[in-house]
Each structure stands twice: as C-alpha cells, then as structure tokens.
Protein chains: 2
Amino acid sequence: MSINFEISATSGRARRGKLTTPHGTINSPFFMTVGTLAAVKGLTPQMLRDCGAEIVLANTYHLALRPGDELVKQFGGVSKFMGWHGPMLTDSGGFQVYSLADINKITDEGVKFRSHIDGSELFLTPEKSVQIQQNLGADMFMAFDECPPGDSDYDTVAKSIERTARWAKRSKDAWTNRENQSLFGIIQGGTFDELRRRSAESIIELDFPGNAIGGVSVGEAPEEIDRIVEYTTKLMPQEKPRYLMGVGRPQDILRAVGHGVDMFDCVMPTRHARHAEAFTMDGKVKLRNLKQRESDAPIEEGCDCYACRTVSRGYLRHLFIAGEMLGPIYAAIHNVRFYLRLLEKARIAIEEDRYESFATEAINRMEVPN
Amino acid sequence: MSINFEISATSGRARRGKLTTPHGTINSPFFMTVGTLAAVKGLTPQMLRDCGAEIVLANTYHLALRPGDELVKQFGGVSKFMGWHGPMLTDSGGFQVYSLADINKITDEGVKFRSHIDGSELFLTPEKSVQIQQNLGADMFMAFDECPPGDSDYDTVAKSIERTARWAKRSKDAWTNRENQSLFGIIQGGTFDELRRRSAESIIELDFPGNAIGGVSVGEAPEEIDRIVEYTTKLMPQEKPRYLMGVGRPQDILRAVGHGVDMFDCVMPTRHARHAEAFTMDGKVKLRNLKQRESDAPIEEGCDCYACRTVSRGYLRHLFIAGEMLGPIYAAIHNVRFYLRLLEKARIAIEEDRYESFATEAINRMEVPN
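Residues numbered from 1 in each chain as written. Chains lettered and ligands numbered in written order. Predicted model: local features only at pLDDT ≥ 70, side-chain atom pairs only at ≥ 80, totals over all residues.

Considering the overall build of chain A
Next up, step 1: When its secondary structure is counted, chain A shows 15 helices and 16 strands.
Next up, step 2: For chain A, the C-alpha radius of gyration of 20 Å lies close to 21 Å, the compact-globule estimate for 370 residues.
Next up, step 3: With the C-alpha coordinates of chain A rotated into their principal frame, the extents come out at 60 × 45 × 40 Å.
Next up, step 4: Out of the 370 residues in chain A, the part that is buried amounts to 56%.
Next up, step 5: When contacts within chain A are restricted to residue pairs at least 6 apart in sequence, long-range pairs at least 24 apart make up 68% of them. (Helix = DSSP H or I, 4+ residues; strand = E, 2+ residues; numbered from the N terminus. Rg over C-alpha atoms; globule rule 2.2 N^0.38 Å. Buried ≥ 20, exposed ≤ 12 C-beta atoms within 10 Å, placed from the backbone. Contact = placed C-beta atoms within 7 Å.)

See below:
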C-alpha cells in the first residue's frame, strides 16, 4: 500500500497525524484546495505553497472531458501536468455526473449521461472511473459511488447503498496501480443512521487504504451534518485516514475534526473569492461592500497571507468593482490561507490537547454575525 | 528636481543609465508594465518583482473615473494603494480621452467628454490633469497634450502642436509637488518632420525633467515609427530621459533604443497574454493552437520566467481552452518577463558596446514567421 498514516496525538476524538504519499507527506487533519481542471482558480503552485498547501484535489469528471485523461497521462499525471509535483487526490467523477451532467440512465452497470460542455453521450462505470483516475495518477483516488439526491427517501437510499457497495467492490477489482495510488472507499447512507451503518460495514469490509464519508453537505441542516459525521466516524477504523468529502464551511470542518475526520476538501475558499467574499475568524467579509471603500485595513488583522500583508480592503473593493482579475486572486490567496491556517491551528490544539475548547471558541466567534 | 538620470555607457546612440526616483532606482533603458487601474492584469507586485520589474505605469483617465484620484490620495498615492511601493509613472489621461471616451468638444480650455463607463460628462484641462496626477502621486507624470488622429493632415497637426505647447506650459505652471514628482513634456507632430521639430523646440524650451515622444504607433507603418523616432530623438536633450509613449512591439522598442530612447510602456505583454499569445525571440506563439496540445516544451526554451520553469505549452493550451484564469496569468508572467529580459539584454549589449549587432540580430530573428 502506497500511503502510510500515523497518528501522533489525540485530543478527545480529534487526531493529529501524518499521511505519507509517493509525492510527499501531509500533516493531518488537512484541507485539500480544489483544482478542478488541474488548476486552482487563479493560484499558481508557488502561490499554493506560499499559502501552506501540502496537497491539491482535482476533479476526474472535468479532466476526463477536458483535456482528457489519456493526455494527462502523457504528461506524467495530473500533479506533474499542473506543475504542482506534490501530493494529490482525485474524486471518482460520480458527484459531478449527478450534479452537473444531464443523466440519461443509471443502471447497475454504470451511469449514462451527457457532457455539460458539448452534450456528447458518455458512460461511466466503476471500472472506467478507476481507469481514468489511474491515468490521472493522483496519490489517492476514490471508488465510484452512487450519490442519491439529498432529499431521497429511505427505500431509495437503502437500494443505493447496496449499489455503492457493489461498485466499491468493482472499483477495487479494477485497481491495478497499487504501488503508486491508494484507493479510498466511500460510505453513503444519507441522513439515515441505519443505512450509514450498513454502508460503512460493506465499505470497511473491503479494506481500502482509506475511507470517506460521502453524501454529506448536500442540503441538510448543519446539525444533521454534525450528527451524521459523529455517527459514521465511530464506525470507521481508527488506523486509517478518514475523509469527509466536500465539507465545507469552516465551522463544519472544525466540528468534524472533533469527531476524528482527517481530510477535507471544498470549493468554498476559491468560489467565495470569485464572489468577493473573504473568510475571517469573525465571519465572512463582503469585499464589494461600500463600507470597505476607504478601509485601509487588511482583510483580516493578524493574517499572514500575501494579500493581507500587501493590500487593503479599500484597494480590493476597487479591484472587484473594476472587474480586475487581481480581485479574485487576492481573495483566493486569503481564503485558501484562511482554511489552511485554520487546520494548522486545529493541529496545534490537538497536540496541546485542548481541541474541544479551541473549536468551540472558534465556532462561536465565526457564527457571530458581523 | 526629484529624479536624477545618469548615463553610464553608450553604444552608437543607445544609452545605458540609471534613473533615480523617490521610490527607487531603475536601470535604463527600461520598459514599464502597464497597470491601468492600479493593477497589472493578473500579476501581484511580488510576481512583477519576480519578473524583474522596477517600475509600473498607471492610467490617469481610468483611475480618475474609478476609484477616483481623491480616494487614491487618501491611501497614500497609487504606488502604496496597489501595494507596489516602487517607482511609478502616470500618463496624462489625454490618450485615453481621445481613444476611449465620447468626445463632445475640444477647446483651448480643455476637453469635454463622456465617461466610457457611465456616460457622465467630464471636463479635462491641463490644470485638472496635473491636479489628478498629483493626487495619484507617481514619481513621474505627464503634461496634458492633444493627440490628433493618426491620419490627420498637416494643417490640423500644425494647429494641434501649438495647443500642445500651450497646454504643456499650463501643465508646468499647475505643477506644485516638485519635491516628489517630476513632470515630463510630450512632443507631438504626427509623421511630419517639420512639425516634430517645431513641437520639440516648444516642449524642450520648457525645461521639463524629462521629455516624451507622443503620437507614435497610432497606425503608421513600422518604418514610419522608426523614422519619426530617429528624427525626434536627435532634437531631444542628451542629459534628460527620453520616453517613447505606448511603443510597442519588441522590434520597435529595440530600434528606438538604438536611437537613444530610455523609457517605454505598452499593454502588449498583458493584453496578448489574455489572448493566449506569447512572445519569444523567435516570434509570437499562439497557445490555443492545436499543435501545442501534446507539447511538453515551455513557452520559450531558455526562458527563466516562472511559467517556463513550471508548466508546458500543452498545459497552457488546456488552461486557455478551459477558460481558466491561470492561462492569462502564466502568459502574462512570461510576456512581461520577455519584455523585461529583452531590455536587460539590450542594457548588457550597450555596456559591451555591441548594441547595433545585438538589435539587428534580435529583430531579424523575431521577424521570421514561425
């Protein structure tokens, strides 16, 4: 198995560790910045490293459509292609197929859908997803799962977790590049504890190098997210990395770290940056707001990111109002740094065995409207 | 006078020098990257420094409209506002008024026009332009001139240079911040030698800290540009910096350096970057071109820019096809570095007194279609 996970400290159920991959070691718990098309929007690999990034995530669905996984393979894999050269993870493409594409038919064989770019008909199966992800060559990759809509009823989700289990087995069977790439299984089950339990059992039984929780943050209330994560993490093996997919808000991440989750990803830092919203420990700041016009303050006092060290809120407002590319770039630098620094603080709090008080205080502070 | 210009070497008529400003020293001849709205499109100050930039230009017309020069002044001037903190130059706003705005009326008093953003009516005079530029606070700034269309006849241009002379005098009279800002006069005269001579005399007589050649590269043939620049530079004082405004193509810059021009600016490196065109010593490269699809080569072999050290043409093509912001960013890094490196090579060639052979060889190489 090509990843190695070691836990060096715990605080309550929160874990501080190191995940070693063929492309380098990542301090956990960690956040993966999303580089959908083998590019984090507006940030070069150098800027990502300056923000403290140790790993990047890329999206299989998008890369399979453009520029195509075979081409990425020719360039030596996605990490080399984008000039990152560090650890990476790819998702299975499943989530994007269900959320972006025009689904024609889901059968036990796989999913027939139309590309959101040119409408061409495509067919994705567990075997095909694994093959594409092996071409992309990330250190970690995901089994192909079914993601039923967030409001699906019990019977629908119950059927779906059985298919997800069968697809997980087929993904594992199709996985050949075991030397360099580690496959993660995904636990589904919606908001139903019983189904989460059954799904967890079927996935854990397959003994993947790591396990993920999928189908969370698809429209539930924050309390529901917390409840599902708490319940599901308790079913997952201690010694393997736990990945909560696509979550999300800083508060949700802090709560999940408290339940022993090690890995996160979300488009929020870069997407919000493009919409002129910056994260701070005191909540979000709208950079287009008129009240920023004359502000000589940085986005966040005490932040060590390049944007906060270089420019004011007033200047950033000017960039957004004028439609300058540098607006989203600076905001992305800050937001990515904010997420990565939040996880840095979480790791220190775990090491010092004061995670619960740290997280409670941070969550309360963030949730005060500013 | 707040700038100091020293020539340390010559090669033919080409000059190698240092221009010292309140915000730092610039090696000449030099190219100024254009940061229209107090932002070079896609490049942070750190990226500009990494490209070797020693000075940035900003546009008075654009900044006066957004965010307004009074606001920029509140932030301590344009260089501090954008987090550059180094030497800067602003233009007078004249060129943009004539090329972008909807002109209502030009009188001897000034120019009445409508903003290209919201159609509001504005009135720009020499005094007003100086006042705005003093609020922007750049180390060097430009007298307000009249820029007749490139195809204007002799009589029109003859009248125009008289107005430009009167406006230059009024600009100088309005200039109060002489400690920190140096005003440059602008020589006009179209493609008519006689009018260039008369305009040069009237401007030089006013004894500005530096002199510029305006109204070039507004549609003439490259040979015409070269002829006007050669003729006009011979009329300009040796001991003061000479600035050829808005020019332009790398070949035109190299020819002008050979005629003793010290300062250049142009939007070409960043504008072409946004259109997926990269400059190389062997001509321009179209990064969207299908032939780049599988290319593992950098934009330009031997280039030391961050883009060439990090990513391939094939990856850049992918970014442009997918509409990723990083495409224009990487191309801008390369193009800006290309221009700055070209001037670095020119400076070395002057120091080694082999400028003519250097420039001839470089121009021939660039003009071979690739």
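Examining the relation of the copies chain B and chain A
Next up, step 1: With an RMSD of 0.0 Å, the operation that places chain B on chain A is a rotation of 180 degrees combined with a shift of 0.0 Å along the axis. Look at the turn and shift together and you get a two-fold axis relating the two.
Next up, step 2: Mapped onto chain A, 100% of the interface residues of chain B again fall at the interface, so both copies present the same surface. (Least-squares fit on C-alpha atoms with pLDDT ≥ 70 in both.)

A word on unusual backbone geometry
Negative phi characterises most residues that are not glycine, and trans characterises most peptide bonds.
All names here are of chain A.
Next up, step 1: With an omega dihedral of 5 degrees, the bond running from R66 to P67 counts as a cis peptide bond.
Next up, step 2: V247 connects to G248 through a cis peptide bond whose omega is -15 degrees.
Next up, step 3: Looking at the element boundaries, G248 is found in the loop between strand 13 (242–244) and helix 10 (250–258).
Next up, step 4: Even without glycine at this site, D353 takes up a positive phi of about 50 degrees.
Next up, step 5: Structurally, D353 can be placed in the loop between helix 14 (326–351) and helix 15 (355–367).

Regarding the sheet that holds strand 8 (residues 111–114) of chain A
All names here are of chain A.
Next up, step 1: Ordered in space as 7-8-9, the 3 strands form an open sheet in which the pairing is antiparallel. In this open sheet, the two strands that pair with only one neighbour each are strand 7 (102–106) and strand 9 (121–124). Between one strand axis and the next, the sheet turns by 25 degrees as a mean value, whatever way the strands run.
Next up, step 2: Of the pairings in the sheet, the one linking strand 8 to strand 9 comprises 4 bridges and is antiparallel in character. Of the residues in strand 9, the one forming a bridge with K112 is F123. (Pairing = 2+ DSSP bridges. Axes fitted to C-alpha atoms, helices over the stretch in contact; angles between N-to-C directions.)

Brief notes about the pairing of strand 7 of chain A
Consecutive side chains of a regular strand alternate in pointing toward one face of the sheet and then the other.
Residue and element names in this part refer to chain A.
Next up, step 1: Burial within strand 7 is sparse, with just 0 of its 5 residues counted as buried.
Next up, step 2: As judged from the 4 bridges shared by strand 7 and strand 8, these two strands associate in the antiparallel manner. Looking at strand 8, one finds that K105 is bridged to K112.
Next up, step 3: Hairpin geometry of strand 7 and strand 8 is characterised by an intervening segment of 4 residues between the two adjacent antiparallel strands.

Overview of the interface of chain B and chain A
Next up, step 1: Tallying the contact residues gives 31 residues for chain B and 31 residues for chain A.
Next up, step 2: Residues belonging to the side of chain B that touches chain A are distributed by class as follows: 17 nonpolar, 9 polar and 5 charged. (Nonpolar A, V, L, I, M, F, W, Y, C, P; charged D, E, K, R; others polar.)

Section: helix 6 (residues 126–136) of chain A
All names here are of chain A.
Next up, step 1: Among the 11 residues that make up helix 6, 8 are buried, leaving the element largely enclosed by the rest of the structure.
Next up, step 2: Turning to helix 6, its buried residues number three or more, namely P126, S129, V130, I132, Q133, Q134, N135 and L136.
Next up, step 3: Downstream of helix 6 by one or two residues, G137 has phi in the positive range, about 75 degrees.

Focus on the packing of helix 7 (residues 154–174) of chain A against helix 8 (residues 193–204) of chain A
Residue and element names in this part refer to chain A.
Next up, step 1: It is at 9 Å that the axes of helix 7 and helix 8 come closest, and there the two elements cross at 10 degrees. Judged on the interaxial angle alone, helix 8 and helix 7 are roughly parallel. In this structure, helix 7 contributes V157, A158, I161, T164, A165 and A168 to the contact, and helix 8 contributes L195, R198, S199, S202 and I203.
Next up, step 2: Looking at the contact of helix 7 with helix 8, its residues break down into 7 nonpolar, 3 polar and 1 charged. (Parallel < 35°, antiparallel > 145°, perpendicular 65-115°, else oblique.)

Description of the nonpolar core
Note that soluble globular proteins tend to have their nonpolar side chains buried in a common cluster.
Next up, step 1: Counting residues in each nonpolar core, the largest one holds 231 residues, and the members touching the most others are I333 of chain A together with I333 of chain B.
Next up, step 2: What I333 of chain A contacts, discounting residues up to four positions off in sequence, is L43, M47, C51, C305, Y306 and A307 of chain A. (Core = buried A, V, L, I, M, F, W, Y, C linked by C-beta atoms within 7 Å.)

Section: the confidence of the model for chain A
Detailed conclusions should not be drawn from predicted coordinates in areas where pLDDT is low.
Next up, step 1: Averaged over chain A, the pLDDT score is 96; the fraction of residues at 70 or greater is 99%.
Next up, step 2: In the model output, the complex is listed with pTM 0.97 alongside ipTM 0.97. (pLDDT = per-residue confidence, 0-100.)

Looking at the pairing of strand 8 of chain A
Next up, step 1: Taking every second residue as pointing to the same face, the buried face of strand 8 of chain A carries V111 and F113 of chain A, while none of K112 and R114 of chain A on the other face is buried.
Next up, step 2: The hairpin formed by strand 8 of chain A and strand 9 of chain A contains 6 residues between the paired strands, and G119 of chain A there has a positive phi angle of roughly 75 degrees.

Re the domain arrangement of chain A
Residue and element names in this part refer to chain A.
Next up, step 1: Assigned domains of chain A: these are domain 1 (4–266) and domain 2 (268–370).
Next up, step 2: Taken over C-alpha atoms, the centre of domain 1 sits 26 Å from the centre of domain 2.
Next up, step 3: Counting residues at the interface gives 31 residues for domain 1 and 33 residues for domain 2.
Next up, step 4: Listed by contribution, the elements that provide at least two residues to the side of domain 1 that touches domain 2 are strand 1 (4–11), strand 2 (14–21), strand 4 (30–34), helix 1 (45–50) and helix 10.
Next up, step 5: At 6 residues, helix 10 tops the list of elements feeding residues into the side of domain 1 that touches domain 2.
Next up, step 6: In terms of residue class, the side of domain 1 that touches domain 2 is made up of 15 nonpolar, 10 polar and 6 charged. (Domains from an automatic or database assignment.)

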